[in-house]
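Take a look at the letters that make up each chain.
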Amino acid sequence: MKRLKLYLLLLLAPFFPSCEKYMEVELNNQISIDEVFDKRSTTEAYLAQVYGFLPDEGYPLGNEGSGIPRSDEATFSWPNLDYTPMNNGTYGTDYWAYQVWADYYKGIAQATIFMNNVHRCTELSTEQKDIMHAEARFIRAYMYSLLLRRYGPVFIWGDQDPDQAIKPETIDRHSLDQNVEFILSEWEKAIAVLPLEIESPQWKGRITKGAAMAAKSRLTLYMARPLFNGCELYRGMKNMYGDFLFPQSEDPVKWDVAAKAAKDVIDLNLYALYEDTEENDQFRRYIKSYMGVMFKNWNSEVIWGRWSSAWDWQVRSAPPRVVKEGYGGFCPSLKLVDTYPMAESGRYPVTSYEANGNPIIDPKSGYQETGFTSPYKHPLDTFVTINAHNSCVGRDARFYASVLANGMYWINTFKGQKLVTFYDGGTSSYQSSGDVVKVGYLWRRMNNPENNIEENRWGEFCFPTYRLAEIYLNYAEACNEKTSRDEAEALRYINKVRNRVGLNNLEVAYPEVKGNKLLLRELILKERMVELAFEGHRFHDIRTWMIAPKEFNGPYYTRNVLSKTYEGSWTRTDQIFNYEMVFENKHYFQPIHDNQRKEMVNMTQNYGW
């Protein structure tokens, strides 16, 4: 929403006293509700305020983006930031970070006020008012969906303006079914009105029909997965009204619903996987096709996106002491690096890990964990040869678009050729404190090589909240799981994602996947991990599949950046981080904070808290 200016206007209605702390908006202008909705300019500004409550899901230190460092796809270097207590399991019901309840309900309240008043504006056409009303309706339901994803079912306010007379002791959460029914019905109403496309470039980022349909695809997929679909952990939990908060049994038909929601987006025929058409070398074309998803703004693949701060991403994924301003620290986890397929075989090289963290390697993949290849020319950064560790040779095109590994060179030569090495004595050497790379890799995907960041030219990029590759993978997963399993469709759509970057079909890489539902499920999750890396999906994928105790527990393994030599820095170690990742069953949902439960004393707390 770069060009849709954000305003905080005014508090237009009194809210019930005990909850007003999270249901109010900062007063900047004292004007009446009649004055606001009398003119086009103030009506549009009010809608911009409603948009302003949407979180920046592309910022990995923010509320929604925090799922990146809280998952097993990233190992950020800084040990004392907000995500650390979440990762090591030491947070409680009084922990303040990532508590979005208050802010999101403010957004919900403001969207409702807008919806209930926008049609009073006489300076807008009926069609314009209908579309703006639908935008606010979508945003309101979207805020509910984010609350639902984080806390489980919440209290649904509906279409009422906030009511001063409501008694907070009567407030409790509505059931999951009520939450989902409300959200989906709101989105269906919005879909019926919203435009298919936003033609004016200055308004890119506004809600479209496809954006609302993509939101429906993601939500229905989550609802079909075990966490929301009859899991034993939450059976029997009731609210104060006596309603079960969660389904008491699994409903396999939810996978059919998820499959249809994804296919509906596909059948719009409005979107296409972005593919580079300028690069002559085939493998470089595969790399640039994946890079273009981020760097070709509002490209054919983006269903809904927003401008994201290039500086925030790039300065934290640039190597300290190599470039003029580089904080380092945004690091892919060793597990994510291990997951990228091999380009020739198409197989994911590491199948699992031994107790000491050593990888169990698929011998059919072609992967090598030891040794070096020299001279080796990076397939994208071809201006110099390197002494490459064999683990970095022959990988998927997305690996080279995403990972800046120990021993590679900085991604451009604006300030000359700059070798990047992460070890004690390297060019971006290990330090016990301050800005440092602790994993042996940096995340380069959001760092455009065309930007000369050493001259403060950070550029900009459009972060894709929803893109077609996600929808393809949503559809593949749902087809694999639905009541009338459709393996052919599942393979067809995962192969579209793989083929875009030059990988062979999954059934060619894994002939054993034919007729094997469990293996295909596992491979779809691996494909999601690499294709959607650092886009905020992994944390929720693992939670909703309820495999977090397996994936989100144990030491942080890295390359040995404590080594005095480059060669020695390629061994694996768990000695860099002084704490382990801890995930217990109660961590599937975030606790409702003490502040909310002091106000709404009968609000049902989540399991384990």
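The coordinates are above.
Residues numbered from 1 in each chain as written. Predicted model: local features only at pLDDT ≥ 70, side-chain atom pairs only at ≥ 80, totals over all residues. Heavy atoms only, no water.

### Overview of the overall build of the protein
Going by this rule: Only DSSP runs of H or I reaching four residues or more are called helices, and only runs of E reaching two or more are called strands; each is numbered from the N terminus. For each residue, the accessible area found with a 1.4 Å probe, counting protein chains only, is set against the maximum for its type, and the residue is called buried under 20%, exposed over 50%, and partly exposed in between. Contact between two residues is taken to exist if any of their heavy atoms lie within 4.5 Å; hydrogens are not considered.
What the protein contains, in helices and strands, is 19 helices and 10 strands. The C-alpha extent of the protein, read off along each of the three principal axes, is 75 × 50 × 50 Å. A total of 609 residues make up the protein; the buried ones form 63% of that total. Contacts in the protein between residues far apart in sequence, at least 24 positions, make up 71% of those at least 6 positions apart.

### Looking at the packing of aromatic side chains
Put simply, the test is: A pair of Phe, Tyr and Trp rings is counted when the ring centres sit within 6.5 Å of each other, with Trp represented by its six-membered ring. The angle between the planes then sorts it: under 30 degrees is stacked, over 60 is edge-to-face, the rest tilted. Charge-over-ring contacts are defined here by two conditions on Lys NZ or Arg CZ: a distance within 6 Å of the ring centre and an angle within 35 degrees of the ring normal.
With the rule as written, the count across this model stands at 51 aromatic pairs. Ring geometry for F138 versus W304: centroids 5.6 Å apart, planes at 85°, classification edge-to-face. Linking F138 in helix α5 (residues 126-151) with W304 in strand β1 (residues 302-308), this pair joins segments that are 166 residues apart in sequence. For the residue pair F138 and W304, the accessibility class agrees, reading buried in each case. Above the face of the W203 ring, R206 is positioned so that its terminal group lies 5.0 Å from the ring centre.

### Topic: the pattern of salt bridges
Note the following rule: We count a salt bridge whenever a side-chain nitrogen from Lys or Arg sits within 4 Å of a carboxyl oxygen from Asp or Glu.
Taken as a whole, this structure holds 49 salt bridges when the rule is applied. A salt bridge links K564 to D424; its shortest N-O distance comes to 2.7 Å. Residue K564 is located in the loop between β9 (558-559) and β10 (572-573), and its partner D424 is located in the loop between β6 (403-405) and β7 (441-443); the two are separated by 140 residues in the primary sequence. Residue D424 is classed as partly exposed on the basis of its relative accessible area of 29%. Among the ionic contacts, a cluster of salt bridges with common partners joins E301, D396, R398, R445, R467, R498, R500, E527, E531 and E535.

### Re the packing of α5 against helix α7 (residues 209-224)
Rules: Angular values range over 0 to 180 degrees, each being the angle between N-to-C directions of two axes fitted as lines to C-alpha atoms, with helices fitted over their stretch in contact. Orientation labels follow simple angle bins: below 35 degrees gives roughly parallel, above 145 gives roughly antiparallel, 65 to 115 gives roughly perpendicular, and whatever is left gives oblique. Crossings are sorted by hand: turned counterclockwise from the far helix by less than a right angle, the near helix makes the crossing left-handed, and turned clockwise it makes it right-handed. Amino acids outside the nonpolar list (Ala, Val, Leu, Ile, Met, Phe, Trp, Tyr, Cys, Pro) and the charged list (Asp, Glu, Lys, Arg) are all regarded as polar, and Gly is one of them.
At a minimum axis separation of 12 Å, α5 and α7 run at an interaxial angle of 25°. Classed by the angle they form, the pair α5 and α7 counts as roughly parallel. The hand of the α5/α7 crossing is left-handed. Between α5, through F138, L148 and R149, and α7, the contact on the second element is made entirely by A211, A212, A215, R218, L219, Y222 and M223. Across the contact of α5 with α7, the residue classes break down as eight nonpolar, no polar and two charged.

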